[in-house]
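Examination of the molecular architecture
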Amino acid sequence: MQEIVDEIARLLDASVTIEDRSFHLLAYGAQSGDIDTVRQESILRRRASDEVRAHFEAYGIATSTVPVRIPGIPGLPGLLDRVCVPLRHGGVTYGYLWLLDSGALTDARLAAVTPLVERAAAVLAHEARTGRARLWDFFSADPATRAAAALHVTGPVAAIAVRTAPDRAAALWRLPRGVLAEPGDGPEPLTAVLAPASQAPRVAGTLQTTYGTAAGIGGAREDAGDAWESWAEAVLALRIAEHVQRLGPVASWADLGVYRFLARLPRSELAELAAESAPLGDLAGTVESYLDRAGQVQETAAALGVHRQTLYYRLGRAGQLTGLDLADGRDRLLLHLSLKAAALTGEPGRSAPSRRTS
């Protein structure tokens, strides 16, 4: 909302504030030109007085579908000329955009910021639909915190965790009705999303493609009260999407197979398991391809584009380096799990150092 206010202030070179329909201040821009007492009090007290509210509502701003020009009172510096732009979405007024007017705000100039006005109205409408409930609290593992969120949702639902790109902000007001979202804080923020289970893949794909680097979808829950469990899965699925290229950039918990179990391991145990395959170095890709194909030599050789004898040589060398026997089912299982674990120990967006196929 602050970004919208700042952009409108820049385009119109005017003092801008946005208030909700109860005249509570939501955002304001830098002062341009003269300031009157009404604007000053609104900023300092975070809301307009009852007298000011009644004065402005007398001009029909609550039902107007066009900007309303409200004249100042001559000789009274407390009330300068201003324009009120009702923030309407779906035929409902959710708030007001206020502009102090020195006489330069023509209808044409006001029309130029219509897309920004519509965006602000959509933001307010989205917040009104969600009741500004704390989705992060609803996803908490603590039952008391979840109850305090007072979020009323019907299942089946699925949680989505989206890693927001650092140079983009998700336009959450554009999400379909019934989809709740809340951005997080921090240097690498996650956006938390709760969607009807049937819509989750499409919503996750849209958010990732447009605003994020990767996304994870948790398992569906019939009871929305269990959505916090889906959120825990979504965060793990996101981690997998960021580390395992073939499963990203959107990973669904239900499709992750053995990674669902590996992702739950503490990092120390994951690193211990990954260490079993570390001696392979550049041969890791060959061995993983061979194990992924259930030990089918001809199929693996074809996939790698090498002769069967070359593959046999590499597999023999792998056994020497690791001390594991690829003809033994238990050793094969250990090495296979180790290679999968290694992918989760690297930096997000990168494969482990040993992922080459040579």
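For the structure, check the block above.
Here is what the cut-offs are and how they apply
- Sequence order sets the numbering: in each chain, residues are counted from 1 along the sequence as written.
- In keeping with the predicted nature of the model, local features appear solely for residues at pLDDT of at least 70, side-chain atom pairs appear and are counted solely at 80 or more, and the whole-chain, interface and lining totals rest on all residues.
- Hydrogens and water molecules were not included; the side-chain quantities draw on all heavy atoms of the structure.
- Only runs of H or I of at least four residues qualify as helices and only runs of E of at least two qualify as strands under DSSP, and these elements are numbered from the N terminus.
- Aromatic pairing here means that ring centres of Phe, Tyr or Trp (its six-membered ring) are within 6.5 Å. Orientation follows from the plane angle: under 30 degrees is stacked, over 60 is edge-to-face, and everything else is tilted.
- Buried, partly exposed and exposed residues are distinguished by accessible area as a fraction of the type maximum, computed with a 1.4 Å probe on protein chains only: under 20%, between the cut-offs, and over 50%, respectively.
- Salt bridges are defined by distance alone: a side-chain nitrogen of Lys or Arg within 4 Å of a carboxyl oxygen of Asp or Glu.

Here the bond from Gly155 into Pro156 is cis, since omega is 0 degrees, no more than 30 degrees from zero. Here Pro156 lies in the loop between α7 (143–148) and β6 (157–164). With an omega dihedral of 0 degrees, the bond running from Gly248 to Pro249 counts as a cis peptide bond. Considering the arrangement of structural elements, one finds Pro249 in the loop between α9 (227–243) and β10 (250–252). Non-glycine residue Asp13 carries a positive phi angle of around 50 degrees. On the secondary structure map, Asp13 appears in the loop between α1 (2–12) and β1 (16–20). Phi at Ala294 takes a positive value of approximately 55 degrees, unusual for a residue other than glycine. Within the element layout of this structure, Ala294 appears in the loop between α12 (284–292) and α13 (297–304).

As enumerated under the stated definition, the model contains 5 aromatic pairs in all. On the basis of an interplanar angle of 50 degrees and a centroid distance of 6.2 Å, the ring pair of Tyr96 and Trp98 is categorised as tilted. Where Phe139 meets Trp231, the ring centres are 4.9 Å apart and the plane angle is 5 degrees; that geometry is what we call stacked. Here Trp231 lies in helix α9 and Phe139 lies in the loop between α6 (135–138) and α7, a separation of 92 residues in the sequence. Note on Trp231: relative accessible area 8%, which makes it buried. What links up through ring pairs into an aromatic cluster is the set Trp136, Phe138, Phe139 and Trp231.

Charged atoms that come close allow side chains of opposite charge to pair. According to the stated counting rule, one finds 10 salt bridges in the structure shown. The partner of Arg221 in a salt bridge is Glu229, and the shortest N-O contact between them spans 3.2 Å. Here Arg221 falls in the buried class, since its relative accessible area comes to 15%. With its nearest N and O atoms 3.0 Å apart, the salt bridge here joins Asp292 to Lys340. Here Asp292, found in helix α12, pairs with Lys340, found in helix α15 (residues 329–343); they are 48 residues apart in sequence, far enough to count as distant. Residues participating in the shared-partner salt-bridge network are Arg69, Asp101 and Asp107.

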